[in-house]
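Per-entry structural report
So you can see what is in the structure, the chains are spelled out below.
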Amino acid sequence: MSEARARLLASASRLFYGEGLHAVGIDRVIADAGVTRATLYRHFPSKDDLLVAYLTEADRMIRADVAAARTSSANRSPADAVRAVAATIADGIRAPGFRGCAFLNAAAEYPDPAHPVHQAVLAHRQWFLETVTELLAETGETAPEPAAQHFVMLRDGAMAAGCLTDPAPICATFLRGVEGILSYRHAGAP
């Protein structure tokens, strides 16, 4: 990645996440990145391309966090891998500057399912659901798809609430919910 592209993407990511996709114009990104308009358009032919690149980078970072969480719990139980992923999410919610889920925020601003931004959101969410389903299947969960949907819904709620109020009780509730998903299987539930 060229230095100019990296600066553009870093500026766009910070501004889009912090202020909103529609609220931040191309001129603001150009000024913040310290590049020319021609440089921006050489790397990103349209604002939509820049928005998708921002979400692609956010997706890449989340995938890396999930991979690291899975690796860190490699010598423990599969349930510990689920807990490690949940802990990574909770840590993100507690991080300074947390402003909710970049993907949920983007979906709210681009509700048209055919729009490339919305498509990027759906692709990320599909990957995340599949990953959590796989993790829960590894625990021996006999119905991993509904359990994963439950996990994702808990995560979505925690992400939405975590930027509205004190994130500590939100994270505690989210982590208890994940424990509930894990213990439900052990209780012999259908």
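A short tour of the structure in this document, coming up.

Reading guide: rules and limits
- Per chain, the residues get numbers from 1 upward, laid out in the order the sequence is written.
- It should be noted that, the model being predicted, local features are given only for residues of pLDDT at least 70 and side-chain atom pairs only at 80 or more, the latter also being counted only at that level, while totals for whole chains, interfaces and linings use all residues.
- Water and hydrogen atoms play no part in the side-chain values, which are based on all heavy atoms of the structure.
- Under the DSSP-based scheme used, a helix requires at least four consecutive residues in state H or I and a strand at least two consecutive residues in state E, with every element numbered from the N terminus.
- Helix span is expected to be 1.5 Å times the residue number reduced by one.
- Throughout, exposure labels follow a simple rule: accessible area from a 1.4 Å probe, protein chains only, divided by the maximum for the residue type, with under 20% read as buried, over 50% as exposed, and the rest as partly exposed.
- The criterion used for residue contact is that any of the two residues' heavy atoms lie within 4.5 Å.
- Throughout, an axis means a line fitted to C-alpha atoms (over the contacting stretch in the case of helices), and angles, computed between N-to-C directions, take values from 0 to 180 degrees.
- Here the angle decides the label: under 35 degrees means roughly parallel, over 145 means roughly antiparallel, 65 to 115 means roughly perpendicular, and every other value means oblique.
- The crossing is said to be left-handed when, going from far helix to near helix, the turn is anticlockwise and less than a right angle, and right-handed when the turn is clockwise.
- Classes in brief: Ala, Val, Leu, Ile, Met, Phe, Trp, Tyr, Cys and Pro nonpolar; Asp, Glu, Lys and Arg charged; the others, Gly included, polar.
- For this document, the term salt bridge refers to a Lys or Arg side-chain nitrogen within 4 Å of an Asp or Glu carboxyl oxygen.

Taking 1.5 Å as the rise per residue, helix 1 (residues 3-19) with 17 residues should run 24 Å; its terminal C-alpha atoms sit 24 Å apart, in good agreement. Taken together, the buried positions of helix 1 are occupied by Ala4, Leu8, Leu9, Ser11, Ala12, Ser13, Leu15, Phe16 and Tyr17. For helix 1, the elements touching its buried residues are helix 2 (26-33), helix 3 (37-43), helix 4 (47-72) and helix 6 (102-109). Downstream of helix 1 by a residue or two, Gly20 has a phi angle that is positive, lying close to 115°.

On to the packing of helix 1 against helix 2, then. Helices that pack against each other are described as a pair by the angle of their axes relative to one another and the distance between those axes. Running from amino to carboxyl end, helix 1 crosses helix 2 at an angle of 125°, the nearest separation of the two axes being 9 Å. Compared by their axis directions, helix 1 and helix 2 come out oblique. Relative to helix 2, helix 1 is oriented so that their crossing is right-handed. Only Arg28, Val29, Asp32 and Ala33 of helix 2 make contact with helix 1, whose side of the interface consists of Arg7, Leu8, Ser11, Ala12, Arg14, Leu15, Phe16 and Glu19. Residues of the contact of helix 1 with helix 2, tallied by class, amount to 6 nonpolar, 1 polar and 5 charged.

When the charged atoms of two side chains lie near each other, side chains of opposite charge can form a pair. Under the criterion given, the structure shown has 13 salt bridges. Here Asp32 makes a salt bridge to Arg14, at a shortest N to O gap of 2.3 Å. Remark: Arg14 occurs in helix 1 and Asp32 occurs in helix 2; sequence separation between them is 18 residues. What makes Asp32 partly exposed here is its relative accessible area of 35%. Close ionic contact of Arg63 with Asp59 constitutes a salt bridge, the shortest N to O distance being 2.7 Å. One end of the pair is Arg63 and the other is Asp59, both in helix 4 and 4 residues apart, which spans about a single turn. For Asp59, a relative accessible area of 13% gives the class buried. Via salt bridges that share partners, Arg70, Glu134 and Glu138 belong to a single interconnected network.

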